[in-house]
Amino acid sequence: MTRRGRIAVWSASIVALLVLAAGGAGGWVYQRLDGNINASDIDDKLGGGHLVNLSPGAKNILMVGSDSRDGANGKHGKDLTTMQSDTLMVLRIAANRKWAAVVSLLRDSWVQIPACDRGDGTQSAPHPFKINAAYAIGGAGGDAGSAAACTIKTIEHNTGLRINHFITLDFQGFKGMVNALGGIEICPKQAIHDKKARLDLEAGCQTVRDEHALGYVRTRYSVGDGSDIGRIGRQQEFMQALATRAQEKLTSPGDVYAFLDAATKSITTDTGLAGIPPLYGLASKLQDIPKDRLAFLTVPDYPREVDIPTDKATISWQYPQAHTLFDALAKDQEIAKEQLTSAPSVTAGSIPILVQNGTATPGMAATVAAQLRTAGYTVTGTGNAPQRAAGTTLAHPSGLEIHAQALASRLKWPVGPDLDDRAAPRVITLTVGPDYTGPLG
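Rules of the game
- Residues numbered from 1 in each chain as written.
- Predicted model: local features only at pLDDT ≥ 70, side-chain atom pairs only at ≥ 80, totals over all residues.
- Heavy atoms only, no water.
- Helix = DSSP H or I, 4+ residues; strand = E, 2+ residues; numbered from the N terminus.
- Buried < 20%, exposed > 50% of the residue type's maximum accessible area, 1.4 Å probe, protein only.
- Polar contact = N/O pair within 3.5 Å; in protein donor to acceptor, adjacent residues only side chain to side chain.
- Contact = heavy atoms within 4.5 Å.
- Pairing = 2+ DSSP bridges.
- Axes fitted to C-alpha atoms, helices over the stretch in contact; angles between N-to-C directions.

### Focus: the side chain of Thr359
1) Next: Within the fold, Thr359 resides in the loop between strand 16 (352-357) and helix 13 (364-374).
2) Next: Residue classification places Thr359 among the buried residues on the basis of a relative accessible area of 16%.
3) Next: A polar contact is formed between the side chain of Thr359 and the side chain of Asn357, at a distance of 2.7 Å.
4) Next: Among all residues touching Thr359, those that are not within four sequence positions of it are Met364, Arg388, Val432, Gly433 and Pro434.

Right, dumping it as structure tokens:
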């Protein structure tokens, strides 16, 4: 229970339902709480670009921790008027229900955000930015479903994973759950004073609730290394403590109801997960997965500052490791952390590229070179290909295999690198064909 509880960072309704299942609470809880959950039909918002599921039967559930600044949440952001996503995770449940993985997508990840319905009658233009901006773009009109739809499109576009369902939980639901349990004990090793998170805590063990509980899981710059990775770790630890506390305290129907009432009032899901019965069904599937077959993963990354010295605020996904992760999940193949650390690290700036124009469009090589340089790649030169190309290709000499794989896996079209020792020495030759659509970000 304690380990499984970590699945539900910010999507703590699942934790609550697992507790409910373990405690054997009556069906009356379902009837009273079912109407609390908000549902959103996002099919129209996703349009025709929704990916096909390569593994029928497998499920990818997007879990969003939303810090919308509406109503009582307004005190948690300065000059922020849009909906915000504080945490993004994808829960993958295998088709055979024998394994699962929880993949954290750091909110500062630099990705390509596709065109989205803003929810206010307007459409955004595709552009590269932090992944958490997708929620704000889609939620410009204040609708959580539109915000989730843009986030889903962005994740699908950058990972190739079909998202089947989504669950969001906002600040007030989180605080209500903590308060229903009488608070959660934390033991920070150092004092934390963070004005942005509205947090002022001394070192040592103490029980937190209300704004202090919320501030603790949100704080970033004033504790540890100041990274989003550190914050995710604290969130997972806090949810583990919350799950343990819930198991200890939720011993009566009244306690269970108060806890679930707080959780469900701040939940929004797609129509397929709307209501207690489908959420309970999801929790039941997780209960059946062996503990040693549940993986907690973070998309491999490195500071984007390595490629773009002026960018000190975002991270880049590490390729080909990120592709290895997404490809395995898309094909319903179980993957372990060790598989993501075995290959050498390759940054965009370490990949030397010669761009050749294989199309009939004049200046295409220069255009592509500019796109690649903006994304942090090292372009060594441009020119025209010896002949027109039927499609985009990559060729590399011996010794640049891992660099070619990294470049190929970062591009949007399915192109594989070809070993060609006749290619320019120490350079990957990118021949642009009519199918070229640009780098990921």
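### As for the sheet that holds strand 19 (residues 417-419)
What links the strands of a sheet is backbone hydrogen bonding, and the strands pair in either a parallel or an antiparallel sense.
1) Next: Spatial strand order, 17-16-20-18-19: 5 strands in an open sheet with mixed pairing. Edge positions in the open sheet fall to strand 17 (378-384) and strand 19, since each of these has one partner strand only. Taken pair by pair, the neighbouring strands of this sheet meet at an average axis angle of 25 degrees, ignoring direction.
2) Next: Of the strand pairs in this sheet, strand 16 and strand 20 (residues 428-432) are connected by 5 bridges, and their pairing is parallel. For Leu354, the partnering residue across the bridge sits in strand 20 and is Thr429.
3) Next: Taken strand by strand, helix 13 contacts strand 16, strand 17 and strand 20, and its axis lies near 155 degrees from that of strand 16.
4) Next: Against the sheet, helix 14 (residues 401-410) makes contact with strand 16, strand 18 (393-396), strand 19 and strand 20, and its axis sits at roughly 165 degrees relative to strand 18, the strand it touches most.

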